[in-house]
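Now for the letters of each chain:
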Amino acid sequence: MSSNFSIPVLFNIHAFQRDLILWYSEQKRTLPWRANQDPYRVWVSEIMLQQTQVDTVIPYFNQFMTRYPTVYDLAKADEQDVLKSWEGLGYYSRARNLHTAVKEVVEEYNGEVPSDKKELKKLKGIGPYTLGAILSIAFDQAEPAVDGNVMRVISRVLHIEEDIAKPKTKTLFEDVIREIISQEDPSSFNQGLMELGALICTPKKPKCDQCPVQEHCLAYEYGNQEDLPIKSKSKKQKTENFHVLVLTNSKGEYLIEKRPSDGLLANLWQFPLLPKQDAEQLPENFQNHYGAEIALEGKGESVKHVFSHVIWEVEVLFGKVGDDLQTGKFVTAQELKNYPFPNVQHKVMEQLKDRSSILGN
DNA sequence: AACCCGGGGCG
DNA sequence: CGCCCAGGGTT
């Protein structure tokens with residue numbers, strides 16, 4: 001029950017709450033999801049904001065809420081359309097989990113996002129952070145919502161030197177937040193911490209001279225705010241090499257295929273992607289798997305794409321393919337835009353414009 | 001606890 | 001380029 005950290009006696013919790021919330025009320029950015037407390041809107045925004053910057057999320061959020069204004073609209077949508085709305089945001093399991101969970105809200109909770117902690121936590125894609133965010137922002141409950149921002153801010157303010165890369169450390173921060181969160185306005189308190197982390201208490205060169213809680217900050221007092229939080233390094237990514245085949249049939253249509261329903265980039269589409277191999281063997285290996293003959297015509301520019309855990313080096317090859325296919329699908333250049341492709345494949349698609357004037361019109 | 005899952009911003 | 005992430009699911 002007791003962690004090896006306790007709030008310093010001299011830390012003035014009420015003054016900290018007051019200064020943080022006042023600053024937030026005056027300085028908070030006007031963001032689309034802050035227009036009201038609709039739990040569904042808060043939910044969608046929090047899912048999109050996972051691992052993703054505010055400026056990136058804004059256009060996606062607006063488009064998403066226009067297309068799916070309520071849980072009912074999203075629940076009845078086709079998953080491919082939902083993925084299309086998510087195209088380019090990354091972490092596509094977020095979209096699939098949100099879709100699954102919203103369907104459950106419609107079926108099991110009469111379309112009302114549950115305000116009960118245990119019920120809400122059961123929903124797919126709602127973990128400790130999103131749980132606390134929705135409970136505090138949409139339902140005004142005093143629950144912690146600890147993300148990377150909050151850990152950074154609090155590690156500095158209270159001078160906590162635990163390694164934030166360790167899962168256990170997050171529990172420590174949740175315990176700390178429970179002790180210092182405002183019971184009167186937990187929404188502004190939590191959002192204030194995140195806003196502070198985004199605007200002032202940044203990872204590098206924090207703007208301590210502009211900080212509303214500078215007088216409460218132990219790291220500032222010690223002058224080591226730049227060294228906090230402490231985070232152990234993750235291991236380096238490995239590089240994987242591929243060929244991507246941009247092939248057209250006799251009608252000039254492109255061959256694309258749907259990725260498997262699990263693993264990296266699940267259920268998204270791609271031009272055929274094969275492990276890099278001897279170019280001499282490629283046609284034969286292709287035919288064994290796809291059932292059609294190919295004639296390679298030339299190379300494009302190699303594409304590099306960095307994921308969090310792996311780096312892809314993709315060599316682009318153009319060519320022709322026979323019409324008799326066992327797997328995959330032929331689509332016109334115009335139809336390509338109707339399918340969700342990951343960014344790495346969009347980088348390949350960019351090269352079509354140079355080779356054909358059909359695209360981009 | 002370790003590993004998997006994308007992408008963009010920034011210095 | 002390397003580092004930073006507004007995390008959750010799975011095993």
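Residues numbered from 1 in each chain as written. Chains lettered and ligands numbered in written order. Predicted model: local features only at pLDDT ≥ 70, side-chain atom pairs only at ≥ 80, totals over all residues. Heavy atoms only, no water.

Where we set the bar: UniProt positions are given in the numbering used here, feature names are shortened, and annotations may be inferred rather than shown by experiment.
As annotated in an unreviewed UniProt entry, chain A carries the name Adenine DNA glycosylase and comes from Aquisalibacillus elongatus. Within the UniProt record for chain A, the comment given under Catalytic activity (unreviewed entry) is "Hydrolyzes free adenine bases from 7,8-dihydro-8-oxoguanine:adenine mismatched double-stranded DNA, leaving an apurinic site." Regarding chain A, the relevant UniProt record gives this comment under Function (unreviewed entry): "Adenine glycosylase active on G-A mispairs. MutY also corrects error-prone DNA synthesis past GO lesions which are due to the oxidatively damaged form of guanine: 7,8-dihydro-8-oxoguanine (8-oxo-dGTP)."

### Overview of the layout of surface pockets
Note the cut-off: Cavities and pockets are defined on a 1 Å grid built over the protein atoms alone: a cavity is a set of grid points where a 1.4 Å probe fits but cannot escape, while a pocket is an open set with protein on both sides within 12 Å along at least five of seven lines, and lining residues are those with an atom within 4 Å of any such point. Grid points are joined across faces, edges and corners, and a volume is the space filled by probe spheres set on the points. By definition, any uninterrupted DSSP run of H or I lasting at least four residues is a helix, any uninterrupted run of E lasting at least two residues is a strand, and each is numbered from the N terminus. Throughout, the ten residues Ala, Val, Leu, Ile, Met, Phe, Trp, Tyr, Cys and Pro are labelled nonpolar, Asp, Glu, Lys and Arg are labelled charged, and all others, Gly among them, are labelled polar. Domain start and stop points were drawn from an automatic or database domain assignment.
Space inside the largest pocket adds up to approximately 1,500 Å³. A total of 5 residues in the lining of the largest pocket trace back to one element, the largest contributor, which is helix α11 (residues 186-199). When the residues that make up the lining of the largest pocket are grouped by side-chain class, the tally is 15 nonpolar, 13 polar and 13 charged. Computed from the structure, the second largest pocket encloses a volume of approximately 500 Å³. Along its surface, the second largest pocket is lined by 23 residues, and Leu89, Gly90, Tyr91, Tyr92 and Phe307 are the ones closest to its centre. Contributing elements (two or more residues each) for the lining of the second largest pocket: α6 (93-108), β6 (303-306) and α14 (343-355). Looking at the lining of the second largest pocket residue by residue, the class counts come to 10 nonpolar, 12 polar and 1 charged. Among the domains, domain 1 (13-227) and domain 2 (238-355) are the pair contributing at least three residues each to the lining of the second largest pocket.

### Brief notes about empty space enclosed by the protein
In total, this model carries 1 cavity of 30 Å³ or more according to the counting rule given. The volume enclosed by the largest cavity comes to roughly 100 Å³. Taken together, 15 residues make up the lining of the largest cavity; nearest its centre are Arg156, Cys201, Cys208, Cys211 and Cys217. Among the elements that make up the lining of the largest cavity, the one with the highest residue count is helix α9 (residues 148-157) (3 residues). Class assignment of the residues belonging to the lining of the largest cavity gives a composition of 11 nonpolar, 2 polar and 2 charged.

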